[in-house]
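Structural characterization, general
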Amino acid sequence: MLNGFKILTVTHRQTSLQHIEKFVVTHSDETVLRARLEALKAEFGLAEMMYLATCNRVMFLFYSETVSPPNFQSNFFQHINPSLSEHFITENVTLYEGRAAAEHLYRVASSIDSLVVGEREILRQLREAYDRCQQWSLTADHLRIAMQGAVVAAKEVYTETRLGDKPVSVVSLAIRELLKTKLPNSTRILMVGAGQTNILVAKFLAKNGFQNVTVFNRTLERAQRIAISLNGRAFGFDELADYKEGFDCLIVCTGATKAVVDNQLYIKILAGETGKKVIIDLSVPNNVCKEVVANHNVHFIEIEGLRALAQENRSFREQEVTVANELLDLHLAEFVAAVRNRRIERALHQVPAEMKAVKEYAMNKVFKKEIDVLDDSARELLERMMDFMEKKCTGIPIKVAKEALAKPTSVFA
Ligand SMILES: NC(=O)c1ccc[n+]([C@@H]2O[C@H](COP(=O)([O-])OP(=O)(O)OC[C@H]3O[C@@H](n4cnc5c(N)ncnc54)[C@H](OP(=O)(O)O)[C@@H]3O)[C@@H](O)[C@H]2O)c1
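What counts, and at which threshold
- Residues numbered from 1 in each chain as written.
- Predicted model: local features only at pLDDT ≥ 70, side-chain atom pairs only at ≥ 80, totals over all residues.
- Pairing = 2+ DSSP bridges.
- Helix = DSSP H or I, 4+ residues; strand = E, 2+ residues; numbered from the N terminus.
- Axes fitted to C-alpha atoms, helices over the stretch in contact; angles between N-to-C directions.
- Near = placed C-beta within 6 Å.
- Nonpolar A, V, L, I, M, F, W, Y, C, P; charged D, E, K, R; others polar.
- Parallel < 35°, antiparallel > 145°, perpendicular 65-115°, else oblique.
- Left-handed = near helix turned anticlockwise from the far one by under 90°.
- Contact = placed C-beta atoms within 7 Å.
- Core = buried A, V, L, I, M, F, W, Y, C linked by C-beta atoms within 7 Å.
- Buried ≥ 20, exposed ≤ 12 C-beta atoms within 10 Å, placed from the backbone.
- Right-handed = clockwise from strand over helix to strand, strands pointing away.

Ordered by their spatial adjacency, four strands build an open sheet running S2-S3-S1-S4, and the pairing between neighbours is antiparallel. Here the strands that pair on one side only, and so sit at the sheet edges, are strand S2 (48–54) and strand S4 (94–97). Averaged over all pairs of adjacent strands, the angle between strand axes in this sheet comes to 15°, irrespective of strand direction. The pairing of strand S1 (residues 5–11) with S4 spans four bridges and is classified as antiparallel. Within S4, the residue paired with Leu 8 across the bridge is Leu 95.

The local shell around the ligand holds 21 residues, among which Gly 195, Thr 197, Arg 218, Thr 219 and Thr 254 are the closest. Per element, the largest residue contribution to the shell around the ligand is three residues, and it comes from helix H9 (residues 196–207). Here the shell around the ligand is built from residues that sort into nine nonpolar, 10 polar and two charged.

On to the packing of helix H5 (residues 99–109) against helix H7 (residues 141–160). Orientation of H5 relative to H7, taken along the N-to-C sense of each, is 45°, at an axis distance of 8 Å. What the angle tells us is that H5 and H7 run oblique. Pair H5 / H7 crosses with right-handed handedness. Contacts between H5 and H7 pair Ala 102, Leu 105, Tyr 106 and Ala 109 from the former with Ala 146, Ala 150, Val 151, Ala 153 and Ala 154 from the latter. Here the contact of H5 with H7 is composed, by residue class, of nine nonpolar, no polar and no charged.

With that settled, consider the nonpolar core. Ranked by internal contacts, the top residues of the largest apolar core, which has 48 residues, are Met 50, Ala 102, Leu 105 and Ala 109. Contributions of two or more residues to this core are made by S1, S2, strand S3 (57–63), helix H3 (71–80), H5, helix H6 (121–135), H7 and helix H13 (303–348). Excluding residues within four positions of it along the chain, Ala 109 makes contact with Leu 123, Leu 126, Ala 150, Val 151, Ala 153 and Ala 154. Counting residues in hydrophobic clusters, the runner-up holds 44 residues, among them Ala 174, Met 191, Ala 223 and Val 252.

Here we take up the pairing of strand S5 (residues 189–192). Along any regular strand, the residues point their side chains to alternate faces of the sheet. Neither face of S5 is left uncovered, since the one carrying Ile 189 and Met 191 and the one carrying Leu 190 and Val 192 both have all their residues buried. As paired strands, S5 and strand S6 (residues 213–217) are joined by four bridges and run parallel to one another. Its bridge partner lying in S6, Val 192 is registered against Phe 216. The parallel pair S5 and S6, bridged by H9, forms a crossover whose chirality is right-handed. Note: S5 against strand S8 (residues 249–252), four bridges, orientation parallel. Residue pairing across strands places Leu 190 opposite Leu 250, the latter belonging to S8.

Okay, structure coming up:
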C-alpha cells in the first residue's frame, strides 16, 4: 500500500554538518532551484517529489513505484553534486521506503528526529518546503496526503506531549534566570563579546523588551551589528575600562580562554556603584574571574549550572518521545487508511465511463439488429430502461466502497 513513498535523506544523526552541505541542491535563486528540482524529477522518473534543506538535514520525499536501490541513491546525489563518490554517498545517505518513509516523515515533522528534540521550527520549514514544491507542481495527491497527515500528527504531538516544554539551550535558560530577577526593561545591560552566543542572547533580550544595552567587543563592527538590533550603543573592548556610566547587569561571553573581566576592570566599570549586580557568564572557561564573584555584591549566573539544567531538560524531552511515538503510531494507521481510500476513490472514478461504454456496446453492437426492428415507442422504452440501469449500476460500487471505507482500519499494509 505504501510502497511508492520513499525518502532519501542525510541528517545530523549519521553525518557531520559540513558533510550535509555537500548534498544540498546549490542554487543562486529560486528559479534555478526550481529548474534543478524539475530536472531531477524528470531524470529519475519520479511521480512526485519534495525537497527540504535545513542546517542539519537534506531530505527528498518522493513517490515512485519504479525506483530501485542501491544504484539509485548514488546516481541521484551524483546528479546533484558530481564530485560525490559512490562510497561517500552510501556512507551518509539513508533510504526509507514504504511505512518506514512515512514514519520518518512523521518523526521529522514532530521534531523527534531533530538535533534538539522538541524544536518546532522544523515543522515550519517542512511546510514551507512542501508549499514551494507544490506551487512548482513537483507534488500531487500522494505527497499531499502524506504531508497533511504529518502536519496533523505533529501538531498533536506538540500539544499533547511535553516534548517542547522545558528550555534546552543555555541561552534561553540564562535569560529565564535574568527574568526571575525582575529587573525592569530599562535596566542597564553591558554585553561583552559579540559572537554567535551573544547574537542569540541579543535576540532574547529584544524579544523580552530590554531597551538599554551597550555592547563591547574586540572587533567593533560585530558589536555594532548587535547594538543596531537592540537600538543600543557599541564600543571596542578596550573602551570597557573607561566606561563610567555604571550598569545593573553584565553579560559576558567571549572565546577568550582566560578571564577578560578581572577584579581591577570590574571595579572600574562599577563606577562607584554599590548595589547588587547581575552577572551572566556564558563563556567556557568563565570569563569573569572568581575574585569578582567572591568580593562583590553579585547575583552570578554561570554556564555550568545552566548546562546541567539544559541536560536535565533534554533528558526530560527524550522521555516524552515514547509518548509521542505512541501518538504517531495512531496517526500512521490513519495515514494508511487515507492512502487506501484515495486509491479506491481514484479507481471508482472510472466506473461511470465503463458503464456507459458497456451500454453503448450493447445497444450499438450486440443487440443492434433486434433494436433496429423495434417500433419507436418500444425503442424509447428500451433506451429509458438502459439509462436507468446505467445510473443505478454506477451507484452500486460507489455505495459499497463508501460503506467499506467508513469502517475504521488499523492494520498496516
Ligand atoms: N555557541 C554556543 O552554543 C555556546 C553556548 C554556550 C556557551 N558557549 C561559549 O561561549 C563562548 C563564545 O562562543 P561563541 O560561539 O559565541 O563564539 P564566537 O562566535 O566564535 O565569538 C567569539 C567572541 O569572543 C570574542 N573573543 C574571542 N577571543 C577573545 C579575547 N581573547 N578577548 C576578547 N574577546 C575575544 C570574539 O571577538 P571578535 O569578534 O573580535 O573575534 C567574539 O566576539 C565560548 O566560550 C563558548 O564555549 C557557546
